[in-house]
Amino acid sequence: MASSKTRKQKKSRSGHVSIGVDLVCDILSRLPVKTLLRFKCVSKQWLSLIQHDSYFIDLHHARSKSRPCFLFAMAVPQDSDIWNYYHTNETSVVPRIFNRTTVVGFDPSFFVRYLKPVNGLLCVIEFIGIKIYNITTRKSTPLIVTTDHLLRRPVYQFGFDPATKEHKVICIWTSYGEQHKQGSACLGCQVLTVGENSTWRMIDEGVPDNYHIKEDASVYANGSIYWITAEFMNSLNSEEKVIVAFHVGHEKFRKIIVPQFATLDYDLHNPAIKLLEVNDRLALLYRLHGGSTVKLWILDGTGDEGKKYISTGDIGSCIHSRTELTINLPFQWGITRCVEFLPIPGTEEILMESYERHGPGVRFKRNPFFSLHSYNWKSMTLKEESVERHTSIPVLRHEKRIKFVSSAYFESLFPVMRK
């Protein structure tokens, strides 16, 4: 009788069992975004929860980190405002099935490139500004125009502040006269907070000591954006090898000094240095002499943890808490061969994609010089993956212009615009 009475107490006047909001939140936060978007029509309460509740959105994103997704390739808009991208929700290191999504509203005459996704949000760069796009919900901002684009060249990067849960885009203005090899010198900086009036703010900050940043050698990791400097890459006798960092929350630059012993054996005459994000940690990877070996440093910090925010940090001060690995490659990494390294978040796997330089798109046309390998940095084991898993997707047969971005991301409900 007691249990029957209890059950009756849980029923509303209409006879339906009442489920607490906390329980609903806990259950729904474990579901994929595609399912949640359908559930928005269940009730106004569920609509508000899924679309506007910041606690629920954060909880869902935290649980999505156990289900990494892959953004593989995007078709560059050419003759219309329609572009496609190919992605998958498979959790295997090399997925077998890719889904195609079509997006309308991007001007092909102004398209430039994409930045790698942060928390499921993609920054699309056009000639005079940017758009922020949620890969899973398919919501996009209108074009957010920058200033002075005719006189100066913008260098963009995208990051996230874990403290305030805000996504930000930084625009570093550089001179059009700068040579690519020399990197880009800073002439001024603007910051855009996603969803906050969609306006750029000038900040009284600049790249420290006039270092030239490398636009194609940067990464976001755990609240900061990092760039390799041209001085690091190009100088054979550089006394100070520096990484420039921008703290997304504080909106401050700092330089991080890489100790000499960390790069003693890297290839000075043909340097190949990459910054990676390995499970929210900054990692430095560089090619050694000969091209058949790379060194990987995974750092647990950048020297300023627990201290008052400073302008200079030293990787050497946190070397004791690093992971140092020497990886023997199954191929020769030379001038004519490109190698991309894709850490899979939430795992110890790094996907290595290797191909010959033959022009856009050619690397996936069943090229005998194309290969895929996965490397487990915990067990230090290397495994060859089936190329057929990638070459079987329809992007290779139907699209004319392809931008391969090969990036892992997490599904999220983060809005691109606020009310």
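Note that this is a predicted model, so its numbers are computed, not measured.

Brief notes about the packing of helix H4 (residues 44-52) against helix H5 (residues 54-64)
Thought 1: Remark: H4 packs on H5, axes separated minimally by 6 Å, with the N-to-C direction vectors making an angle of 60°. Accordingly, the angle class assigned to the pair H4 and H5 is oblique. For the pair H4 and H5, the sense of crossing is right-handed. Counting all contacts with H4, which are made through Leu49, Ile50, Gln51 and His52, the residues of H5 involved are Ser54, Phe56 and Ile57.
Thought 2: Classifying every residue of the contact of H4 with H5 by side-chain character gives four nonpolar, three polar and no charged.

Quick word on the sheet that holds strand S18 (residues 293-299)
Thought 1: Spatially, the four strands line up as an open sheet ordered S16-S17-S18-S20, and their pairing is antiparallel. The open sheet has two edge strands with one neighbour each: strand S16 (273-278) and strand S20 (322-328). The average angle at which neighbouring strand axes cross in this sheet is 20°, direction not considered.
Thought 2: Of the strand pairs in this sheet, strand S17 (residues 281-287) and S18 are connected by five bridges, and their pairing is antiparallel. Looking at the pairing, Ala283 lines up with Ile298 of S18.

Comments concerning the confidence of the model for the protein
Thought 1: Confidence in the prediction of the protein, expressed as mean pLDDT, is 75, and 65% of residues score 70 or more.
Thought 2: In this model residues 1-14 is a low-confidence stretch, pLDDT under 50, and it forms five contacts with partners more than four residues away in sequence or in other chains.

Criteria and cut-off values
Per-chain numbering applies: the sequence of each chain, read as written, is numbered from 1 onward. The model is predicted, so local features are restricted to residues of pLDDT at least 70 and side-chain atom pairs to those at 80 or more, both for listing and for counting; the totals for chains, interfaces and linings are taken over all residues. The basis for every side-chain value is the complete set of non-hydrogen atoms in the structure, without hydrogens or water. Convention adopted: a line fitted to C-alpha atoms gives each axis, helices being fitted over their contacting stretch, and angles between N-to-C directions are expressed from 0 to 180 degrees. Only DSSP runs of H or I covering at least 4 residues are called helices, and only runs of E covering at least 2 are called strands; the numbering of each starts at the N terminus. Throughout this description, any angle smaller than 35 degrees is read as roughly parallel, any larger than 145 degrees as roughly antiparallel, any in the 65 to 115 degree range as roughly perpendicular, and the remainder as oblique. Each crossing gets its handedness from the near helix: less than a right angle anticlockwise from the far helix is left-handed, clockwise is right-handed. The contact definition used throughout considers only heavy atoms, calling two residues in contact when any of these lie within 4.5 Å. Charged residues are taken to be Asp, Glu, Lys and Arg, nonpolar residues to be Ala, Val, Leu, Ile, Met, Phe, Trp, Tyr, Cys and Pro, and polar residues to be all remaining types, Gly included. Here, a strand pair is defined by DSSP locating no fewer than two bridges between the strands. Every residue gets a pLDDT, meaning the predictor's confidence in that residue, from 0 to 100.

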